[in-house]
Each structure stands twice: as structure tokens, then as C-alpha cells.
Amino acid sequence: MDEYASNIAASLNEMKPAEFAAMLRDLKRAKKSTLPFEARKTAAAELFPRAIGLVHKKKASPILTEFIKVNLAAIKTDDDWSAFYRHMNAINGFLMAGGDA
């Protein structure tokens, strides 16, 4: 996961780390174990139009929308959602470190 996250972060190097961190914060709110899976999945799905907006405004690379779209298609269980959340966290870490490790 580290190499994958590092590569995604490098592709998003023009994106402000704060923009990505805001997306991660929204996703983290859905991490509560009391929320049903569908609520977590919806929180992940809400990242997609946000990413489209960032790409349209040239604040992020199209790789962001592709990353989210591929992961949304793969989220079928809580474990899948957790894996997506961990990927987002890892990418955020690399972005904060300047896109490389």
C-alpha cells in the first residue's frame, strides 16, 4: 500500500494537502462504528463529485477522480471501506510530506 499511496500522492503533487485533508476529514466522520455500512459507503461516494470539482478547477489531477471511482466500485463490505480509508490516510501522509517518502 505504501508504494501505491506514494505514487498517487506524487500524481497529486499540484493539489494542496489541505484540500485532500478536508476530504479525508469528511470520510473520517463516517468511520464511527455506530453508523451503518451504507452511511459509510455514501460518505465515500460523496468524495467523487468533490474530486470532479477539484479537477475541473485544475486544483487536482484527474488521477484523483480515477482513484476514487475505482475504489468506490470495490467497496462492498466494511473491510473494503476500511481499506479505502487507510489508502486515503496513506496518501494524505505522503502529500503532507511533499509527495514522496
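Scroll up a little and you will see the structure.
Throughout what follows, the structure given in this document is the object of discussion.

### Overview of helix H2 (residues 17-29)
Line of reasoning, step 1. The first and last C-alpha atoms of H2 sit 19 Å apart over 13 residues, in line with the 18 Å expected at 1.5 Å per residue.
Line of reasoning, step 2. Buried within H2 are the following residues: Phe 20, Ala 21, Ala 22, Met 23, Leu 24 and Leu 27.
Line of reasoning, step 3. Packed against the buried residues of H2 are helix H3 (37-45), helix H4 (47-56), helix H5 (63-74) and helix H6 (78-96).

### Things to note about the pattern of salt bridges
Line of reasoning, step 1. Applying the stated rule across the entire model yields 5 salt bridges.
Line of reasoning, step 2. A salt bridge links Lys 59 to Glu 19, with the nearest nitrogen and oxygen atoms 3.8 Å apart. Of this pair, Lys 59 sits in the loop between H4 and H5 while Glu 19 sits in helix H2; the two residues are 40 residues apart in sequence, bridging distant segments of the chain.
Line of reasoning, step 3. Judged by relative accessible area, which is 24%, Glu 19 ranks as partly exposed.
Line of reasoning, step 4. Among the salt bridges present, the one from Asp 26 reaches Arg 29, with a minimum N-O distance of 2.4 Å. Of the two residues, Asp 26 and Arg 29 both sit in helix H2, 3 residues apart, roughly one turn of that helix.
Line of reasoning, step 5. Note on Asp 26: relative accessible area 29%, which makes it partly exposed.
Line of reasoning, step 6. By relative accessible area, which is 53% here, Arg 29 ends up exposed.
Line of reasoning, step 7. One network of salt bridges, with partners in common, ties together Asp 26, Arg 29 and Arg 50.

### Here's the deal with the environment of Ala 18
Line of reasoning, step 1. Relative to the helices and strands, Ala 18 is located in helix H2.
Line of reasoning, step 2. Along the sequence, Ala 18 and Asn 92 sit 74 residues apart, while their C-alpha atoms lie 9.1 Å from each other.

### Observations concerning H5
Every α-helical turn comprises 3.6 residues, leaving residues that sit three or four positions apart pointing alike.
Line of reasoning, step 1. Here H5 contains 12 residues, and its C-alpha end-to-end distance of 17 Å stays within 8% of the 16 Å for a straight helix at 1.5 Å per residue.
Line of reasoning, step 2. Of the positions making up H5, those classed as buried are Leu 64, Thr 65, Phe 67, Ile 68 and Asn 71. Along the long axis of H5, the arc covered by the buried residues comes to 160°, so they all point the same way.
Line of reasoning, step 3. The elements touched by buried residues of H5 are helix H1 (2-11), H2, H3, H4 and H6.

### Details of the side chain of Asn 71
Line of reasoning, step 1. Residue placement: Asn 71 occurs in helix H5.
Line of reasoning, step 2. Once residues within four sequence positions are removed from consideration, Asn 71 is found in contact with Tyr 4, Phe 84 and His 87.

### Topic: the packing of aromatic side chains
Line of reasoning, step 1. In the structure shown here, the tally under the stated rule is 3 aromatic pairs.
Line of reasoning, step 2. Here the aromatic rings of Trp 81 and Tyr 85 are separated by 5.5 Å at their centres, their planes lie at 10°, and the arrangement is stacked. Of the two residues, Trp 81 and Tyr 85 both sit in helix H6, 4 residues apart, roughly one turn of that helix.
Line of reasoning, step 3. Classification of Tyr 85 as buried rests on a relative accessible area of 7%.
Line of reasoning, step 4. Feature note: the residues Tyr 4, Phe 67 and Phe 84 constitute an aromatic cluster, connected by ring pairs.

Cut-offs and rules
Residues numbered from 1 in each chain as written. Predicted model: local features only at pLDDT ≥ 70, side-chain atom pairs only at ≥ 80, totals over all residues. Heavy atoms only, no water. Helix = DSSP H or I, 4+ residues; strand = E, 2+ residues; numbered from the N terminus. Expected span 1.5 Å × (residues − 1). Buried < 20%, exposed > 50% of the residue type's maximum accessible area, 1.4 Å probe, protein only. Contact = heavy atoms within 4.5 Å. Salt bridge = Lys/Arg side-chain N within 4 Å of Asp/Glu carboxyl O. Arc of directions from axis to C-beta. Phe/Tyr/Trp six-rings, centres within 6.5 Å; stacked < 30°, edge-to-face > 60°.

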